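# Chain and residue survey
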Amino acid sequence: MGAVGGFFERNGLLLGLYLLFGVGFWILVLIVLPQLAMLDLSFRHNLPPSLVGGPDDVYTLENYRHFLVGNPGNPDRLFLFGWDTGIPFNTIDISVFFRTILAALAVTLFDLLLCYPLAYYLGQSNIGGFGRIFLLLLVIPYWVNEILRAFAFRILFGNSGILNFLLLNLGIVDQPADFIRADVALYAGLGYAYILLMIFPIYNAIESLDRNQIEAARDLGSPWWRIHWRVVIPFAKPGIVSGCTMVFMLTAGALAAPQILGGPSSLWFTQIIYQWFNTGQNWARGSAYAVVLLFACVGLVLLLMRLFKVKMGEIGK
Amino acid sequence: MTGNPLLRLMFGLYLLIFFTYLLSPLVLMGITAFNASAFPKAAPWDCFTFEWFGVLADDSRIVDSIANSFVVGGFTVLLSMALGLAGALVLTQIWPRLRATYYTVVIAPILIPGVVLGISTLVFWGRLNSYLGLADDSLLRNGIFLTVLGQSTFIAAYCMLVFIARLQRFDPGLTEAALDLGATHTQAFRKVLLPFLKPAFVSAAVIAFLASFENYNTTTFTFGTYPTLTIELSQKVRYGIDPSISALAVIIVGLTVLAALVNEAHKRRQAIRAGLRVADVMPPARLPRFLAGNPAAIVLVLLTLGLVATAVYAQTYSPAACKFEVLEQKRLEAEARRQKMLEDLERRRGEAASEAPAAGATGSQNPNAGAFGGVFNPNNLGGEKTAPTPAEEAPSPFGGVFAPENLKSGEQQ
């Protein structure tokens, strides 16, 4: 165990113990064991506390089966290209799941398009008076509570909200438009929530880009869009992927915005998990759904990172 | 940006849209905090009032939850900073082959959805609790304990990133020199490394506290019987909203701006103390010198103007009288509307009676005319639709007395 000895030699006993215990507690007790406990619970039946650990407490795939096929007697059937396979199919949960993933991807793309120009501007101009005001204005909404941000959008988009007030008074519509039911408010609120997490990684990446590279490309006759396509974007790729990863994960895992801004007939996947835990009182099934969400998100992110050839170490910088 | 005027114009437009999207929800929410209307709305404007701040202060659940938030935030800051610092120091020493794996593991909590962290914390400690045979109200199932641990799982990673950024500029030679000169490891750590990390401690603490204070996804599974402010707010927002929530938002935004200004002023003073000339710190701009490149001063001036205007307004103005006026006006409007409806009804009855003898003649042209005053006449309905907001504005001139909107507005008033 020369390495461990070297570790204590380098840090001293007290500091060495602090580092070992700190990192050990964090990784084992806070990160790994809870995830394993959740994974374990997701493979068990929902039992009353008195039966836990008893002979009935056996492993089962029931919770995952429920996600795919629903309750026994579920009349929905899986259709493949219009052909009835006869396999029962949990239409509600699965469609909510895919809707959540696709909507989160769309929100991420929207944020990227919205934030890239400003991040480029901030990264390439000297941050003078205006730049600093911009930064301040960017940070303030992020410091406001997540619930309050969603609440602000409800005021904005509600039936008697300011937007409907304007539309009615300008004579554009004659009935208040139901932005909540149409999920406009939800998507606007979700896109809003994580703007900062998209801007800052891109800004950090672009800031370190040597201006001379852009000048050189311009001198050689490249139009502005090709400068971005060939010089800036490849250079800022780690920042862009980092921002997109964070926005996607946070959007797919968002709970407050869908609860407050979601229409009455639309659900977010996290809401289904929440229901299993609270009103459903079925922690095992909630855990299984949480595992599904976790693996889907992580898998998708890893896939995209491989696709765009970015390493994990570059995330979060 | 390039010199292309079209591009510049488009970029200006883009900035306008961007910051409208970014700020208008907050500004509008702030306005609703001062509107007397019981439902938070910025328009139509009823009355200027401070009463929602009073309502907020009287809400004992909100006040209690703020206390919970501070307790949770305090413990989370301590635990996250301790773990984050250890994580950052280990990263500088770990074998290069393990580094990528280690970094992935400790950075993962940032990317794991918050609900998953909350669930896993709840499940793990609950099972440990029953495994150890402890009672249901033991420490391991305490809401504050669980919330602190759940939040620290990912907030420690934020702190670690802050410490890593600072450590990258640390010269390990300094620690070696201290050790060579006879310091113990603990002394070198305390006297050399910790002072160097001091600025990182401050920013890590601020980030950790803010992240803890506003966390919802993790806390909503772990809070037990100690709801934090965010939890309490979400309950309030989901089961009916009133402008006292906007009042709270105004306070939070105000504190945020204040903190940002203090931070800005502090940075400036430090830069000047570090030997930079004032002109270097404040870039030249076309604003008056006091405001030159100084966002803090600009915001301060705006705030002062706003405060003065508010004070003057409050002096010459009584919210109670205004509210009474608005109520009175609404009552009068409703009265007028009811009167008009009654008149219309009377008139139509009379018309119907006089038309009755000629019903055979007119029947073919207008089969709907009758005791119902032509409300089923399709033309009438069409006319109804073009009238602006029949429910709230002037009653329909088309006399559609039985149109559902009219009835509803009559009942509400």
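Computed from a predicted model, the values in this text were never measured in an experiment.

Quick look at the overall build of chain B now. Each helix and strand counted, chain B has 17 helices and zero strands in total. Across the 413 residues that make up chain B, the buried fraction comes to 30%. Excluding contacts between residues fewer than 6 apart, the proportion of contacts in chain B whose partners are at least 24 apart in sequence is 66%.

This paragraph deals with the overall build of chain A. Check the secondary structure of chain A and you find 14 helices and two strands. Residue burial in chain A is summarised as follows: out of 317 residues, 38% are buried. Look at the contacts in chain A between residues 6 or more apart in sequence, and 66% of them connect residues 24 or more apart.

Domain annotation for chain A reports domain 1 (2–41) and domain 2 (91–314). When each unit is reduced to the centre of its C-alpha atoms, the spacing between domain 1 of chain A and domain 2 of chain A is 34 Å.

To continue, consider the interface of chain A and chain B. At the interface, 79 residues of chain A touch 84 residues of chain B. Of all the elements, helix α2 (residues 13–42) of chain A adds the most residues to the side of chain A that touches chain B, at 17 residues.

Here we take up the nonpolar core. Counting 145 residues, the largest nonpolar core has A:Ala119, A:Phe151, A:Ile199, A:Ile202, A:Ile273 and A:Ala290 as its most contacted members. Once you skip the residues sitting within four places of it in the chain, A:Ala290 turns out to touch A:Met38, A:Ile273, B:Val115, B:Val116 and B:Ile119.

Residue and element names in this part refer to chain B. In the predicted model, chain B carries a mean pLDDT of 76, and the fraction of residues at 70 or more is 75%. Note that pLDDT drops below 50 for residues 359–413; the model gives that stretch 65 contacts with residues more than four away or on any other chain. For this predicted complex, the interface confidence comes out at an ipTM of 0.85, alongside a pTM of 0.76.

A few words on the environment of A:Phe153. Residue position: A:Phe153 is located in helix α6 (residues 146–157). In this structure the C-alpha to C-alpha distance between A:Phe153 and A:Asn204, which are 51 residues apart in sequence, comes to 29 Å. Setting aside residues no more than four positions away along its own chain, A:Phe153 makes contact with A:Ala185, A:Ala188, A:Gly189, A:Leu261 and B:Pro25.

Next up on the list: the confidence of the model for chain A. Here chain A shows a mean pLDDT of 83. Residues at 70 or above account for 90%. Confidence, expressed as mean pLDDT per element, reaches its minimum in chain A at strand β1 (residues 77–80) of chain A with 68 and its maximum at α2(A) with 91.

So, on to the environment of B:Leu197. Residues and elements named next belong to chain B. Here Leu 197 shows up in helix α8 (residues 185–214). Overall, Leu 197 belongs to the buried group, with 20 C-beta atoms counted inside 10 Å. A C-alpha to C-alpha distance of 17 Å links Leu 197 and Leu 79, two positions 118 residues apart in sequence. Filtering out sequence-adjacent residues up to four positions away, Leu 197 remains in contact with Phe 163 and Arg 166.

Helices that pack against each other are described as a pair by the angle of their axes relative to one another and the distance between those axes. The contact between α2(A) and helix α5 (residues 114–131) of chain B brings their axes to 8 Å, and the two run at 85°. The angle between α2(A) and α5(B) places the two elements in the roughly perpendicular class. In contact with A:Leu33, A:Pro34, A:Gln35, A:Ala37, A:Met38 and A:Leu41 of α2(A), α5(B) contributes B:Ile119, B:Ser120, B:Thr121, B:Val123, B:Phe124 and B:Arg127. When its residues are assigned to classes, the contact of α2(A) with α5(B) shows eight nonpolar, three polar and one charged.

Our focus in this paragraph is helix α11 (residues 244–273) of chain B. An α-helix turns once every 3.6 residues. As a result, residues three or four positions apart point the same way. Taking 1.5 Å per residue as the helical rise, α11(B) with its 30 residues ought to reach 44 Å, and the 43 Å between its terminal C-alpha atoms agrees with that figure. Residues of α11(B) that are buried include every one of B:Ser244, B:Ile245, B:Ser246, B:Ala247, B:Leu248, B:Ala249 and B:Val250, and no others. For α11(B), the elements touching its buried residues are α6 of chain A together with α1 (5–32), α2 (51–58) and α10 (229–238) of chain B.

Residues and elements named next belong to chain B. The geometry of helix α3 (residues 60–93) relative to α10 is characterised by a closest axis approach of 7 Å and an angle of 150° between their N-to-C directions. It follows from the interaxial angle that α3 and α10 lie roughly antiparallel. Contacts from Arg 61, Ile 62, Ser 65, Ile 66 and Ser 69 of α3 reach α10 at Leu 229, Ile 231 and Glu 232. The class makeup of the residues in the contact of α3 with α10 is four nonpolar, two polar and two charged.

Once that is clear, we can look at the environment of B:Ala260. Among the secondary structure elements, B:Ala260 is positioned in helix α11. B:Ala260 sits in the partly exposed class, given 19 other C-beta atoms within 10 Å. Look past the residues within four positions of B:Ala260 in its chain and what remains in contact with it is A:Leu136, A:Val139 and A:Ile140.

What counts and what doesn't
- Residues numbered from 1 in each chain as written.
- Chains lettered and ligands numbered in written order.
- Predicted model: local features only at pLDDT ≥ 70, side-chain atom pairs only at ≥ 80, totals over all residues.
- Helix = DSSP H or I, 4+ residues; strand = E, 2+ residues; numbered from the N terminus.
- Buried ≥ 20, exposed ≤ 12 C-beta atoms within 10 Å, placed from the backbone.
- Contact = placed C-beta atoms within 7 Å.
- Domains from an automatic or database assignment.
- Core = buried A, V, L, I, M, F, W, Y, C linked by C-beta atoms within 7 Å.
- pLDDT = per-residue confidence, 0-100.
- Axes fitted to C-alpha atoms, helices over the stretch in contact; angles between N-to-C directions.
- Parallel < 35°, antiparallel > 145°, perpendicular 65-115°, else oblique.
- Nonpolar A, V, L, I, M, F, W, Y, C, P; charged D, E, K, R; others polar.
- Expected span 1.5 Å × (residues − 1).

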